[in-house]
Amino acid sequence: MRLERLLIAAILTACSIGCTSDRQQQLSKRSDRIDLTRMQITSKLDRHSKLQILLPLYIYPNWYDKNNYIWKQVIAAANQVPIVAIINPNNGPNGMPPNVDYQQGIKDLHQAGIKIIGYVPSNYAKRDLLAIEADIDLYIKYFNVQGIFIDEAANTPEKLNYYHRIYRYIKSRSPSSNAKHSSGYTVTLNPGTAIDESYLSKPVADTIVLFENKQKNWQDYQPPAYVSKYSPQHFATLIHTTTNRKLMKNSLDRAAKSKFGYVYITNDSTDTANNNPWDTLPSYWQAEVNYIQQLNNLE
C-alpha cells in the first residue's frame, strides 16, 4: 500500500505540470516522468530483492522426447528459484506464430510459474524500428509473453531515443486490465556492457544486462558507480565459459555483492562449433539452482 500511495502521489505531481501547446508531447513527457518516479520509488523499496535467473532458453522445446526435454529441467527448477526465460525461436519470433512444439513448451513454462520474454535483435540500433515492432507484435499476440528482451543493444547516448521509442511501444501494448500483466510488459535491454546512466533516467528498459562475457572477465569486473543508486532488479549479468562449480559459486557471490538482481552462469562457451554459449544448460545446472536458493534464503 505504501508503494501504491507513493506512485499515486507521483502521478498526481506529474499531472499537475502545466499544459503545452503540443498535447501528445506533453503526455509522452508526463509518462516518462511517471516511469522514472516509479523506478526511483521501487529502488528504495527492494534493495534486498532475491536473485532471479535470467535464462537465455535458446533450446528447442522437444517435449515429445521425454528423456531429452531440457525445458523440463528448467520447469523443475522453478520450484526453487524465480526464473525469467528468454525464448528465441529463430533470431526472433521467426516471422510467424509458434509451431506446436513451442506452443507446448510455452504452456509448460507458464504452468510452472516461469516468466517468459521474447527475444528481439536490434543490431546495435541499426535495425528498422518497424521490423522490431512487428516482432514485438507477434510475441504479444501469439506467444503469451510477459515481456520483451531487446538484444544487440547500443550503449551510447546518441542511441537513447531509438531504444526509448521501443520501450514506449512495448509499454503502450501492455494490457490495461489483466491480472497476469498488471504491471505491464517488461523490457529487458542487452548491451552486454556498461551503459550511460541516461539509459536508466530516460528510461529505456526495466532491466539492463550490464555484463555478457566470459567468466575470466567477470573476476575483475567492477560495476558502474551508478548501480548502487538503483534497485538490483534493474541489472543483470550473463556469464559464460565458467568451467567448474567453484567458479560458478564465486561468480554468483560476486553478482549478489555487486547488486545484480538477475544472473545466469554456464560452462557453455563461445569456443564451441556454433559459437553459441546459450544453447545448452550448464553441466552444474542443479548445483547453480541450489546455490541461488541458498543465497536467497540468507536474505
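Residues numbered from 1 in each chain as written. Predicted model: local features only at pLDDT ≥ 70, side-chain atom pairs only at ≥ 80, totals over all residues. Heavy atoms only, no water.

> Is there a simple way to think about the side chain of S269 in this case?
Summarising the element assignment, S269 is placed in the loop between β8 (262-265) and α10 (285-297). The exposure class assigned to S269 is buried, which follows from its relative accessible area of 9%. Within the structure, S269 has its side chain in polar contact with the side chain of T241 (distance 3.4 Å). Excluding residues within four positions of it along the chain, S269 makes contact with H240, T241, N275, N276 and P277. (Helix = DSSP H or I, 4+ residues; strand = E, 2+ residues; numbered from the N terminus. Buried < 20%, exposed > 50% of the residue type's maximum accessible area, 1.4 Å probe, protein only. Polar contact = N/O pair within 3.5 Å; in protein donor to acceptor, adjacent residues only side chain to side chain. Contact = heavy atoms within 4.5 Å.)

> For this particular structure, what's the right way to read the layout of surface pockets?
One simple way to see leftover space: roll a probe sized like a water molecule over the atoms. In this structure, the second largest pocket occupies an estimated 320 Å³ of space. Surrounding the second largest pocket, 21 residues form its lining, Y119, D151, N190, E212 and W278 being those nearest its centre. Listing elements by their share of the lining of the second largest pocket, those giving two or more residues are β4 (147-151), β6 (207-214) and β7 (235-240). Of the residues that constitute the lining of the second largest pocket, the class distribution is 10 nonpolar, eight polar and three charged. (1 Å grid on protein atoms, 1.4 Å probe; cavity = no way out; pocket = protein on both sides within 12 Å on 5 of 7 lines; lining within 4 Å. Points joined across faces, edges and corners; volume = space filled by probe spheres on them. Nonpolar A, V, L, I, M, F, W, Y, C, P; charged D, E, K, R; others polar.)

> Would you explain the pattern of salt bridges in this entry?
Two side chains of opposite charge can pair, provided their charged atoms sit close to one another. Tallying each qualifying case throughout the model produces six salt bridges. Between R173 and D137 there is a salt bridge, with the nearest N and O atoms lying 2.9 Å from each other. One end of the pair, R173, is in the loop between α6 (160-172) and β5 (186-189); the other, D137, is in helix α5 (residues 129-142), with 36 residues separating them in the sequence. Residue classification places R173 among the partly exposed positions, given a relative accessible area of 30%. Where K229 meets E197, a salt bridge forms, and the shortest distance between an N and an O atom there is 2.7 Å. Remark: E197 occurs in the loop between β5 and α7 (198-201) and K229 occurs in the loop between α8 (215-218) and β7; sequence separation between them is 32 residues. (Salt bridge = Lys/Arg side-chain N within 4 Å of Asp/Glu carboxyl O.)

> What exactly am I supposed to notice about the sheet that holds β8 here?
Across a sheet, strands are paired by hydrogen bonds formed along the backbone, either parallel or antiparallel in direction. The eight strands lie next to each other as β1-β2-β3-β4-β5-β6-β7-β8, forming a closed barrel whose pairing is parallel. Recorded for the sheet is a direction-independent mean angle of 25 degrees between the axes of neighbouring strands. The pairing of β6 with β7 spans six bridges and is classified as parallel. For N213, the partnering residue across the bridge sits in β7 and is I239. Contacts from helix α4 (residues 100-111) reach β1 (52-57), β2 (83-87) and β3 (115-121), with the element oriented near 170 degrees to β2. Contacts from α6 reach β4 and β5 within the one sheet, and its direction differs from that of β5 by about 155 degrees. (Pairing = 2+ DSSP bridges. Axes fitted to C-alpha atoms, helices over the stretch in contact; angles between N-to-C directions.)

> I tried to follow the pairing of β5 on my own but got confused; where do I start?
Looking along a regular strand, one sees side chains alternate from face to face of the sheet. In β5, alternate side chains face the same way, and those of T186 and T188 on one face and V187 and L189 on the other are all buried. When β4 meets β5, the two strands line up parallel, connected through four bridges. Bridging across to β5, I150 finds its partner in L189. Inspection of the sheet shows β5 paired to β6 by two bridges, in the parallel sense. By the bridge assignment, L189 is partnered in β6 with I208.

> Explanation requested: the packing of aromatic side chains in the structure shown.
The way to describe two aromatic rings as a pair is by their centre distance and the angle between their planes. Within the structure shown, the criterion is met by 16 aromatic pairs. Taken together, a centroid distance of 5.6 Å and an interplanar angle of 80 degrees make the contact between Y58 and Y119 edge-to-face. Of this pair, Y58 sits in the loop between β1 and α3 (71-77) while Y119 is found in strand β3, placing the two residues 61 residues apart along the sequence. Geometrically, the ring pair formed by Y60 and Y102 is edge-to-face, given 5.7 Å between the ring centres and 90 degrees between the ring planes. Of the two residues, Y60 is situated in the loop between β1 and α3 and Y102 in helix α4; the sequence distance between them amounts to 42 residues. Accessibility expressed as a relative area gives 37% for Y60, which makes it partly exposed. Given a relative accessible area of 5%, Y102 falls into the buried group. Here the aromatic residues F211, W218, Y221 and F260 are joined through ring pairs into a cluster of three or more. (Phe/Tyr/Trp six-rings, centres within 6.5 Å; stacked < 30°, edge-to-face > 60°.)

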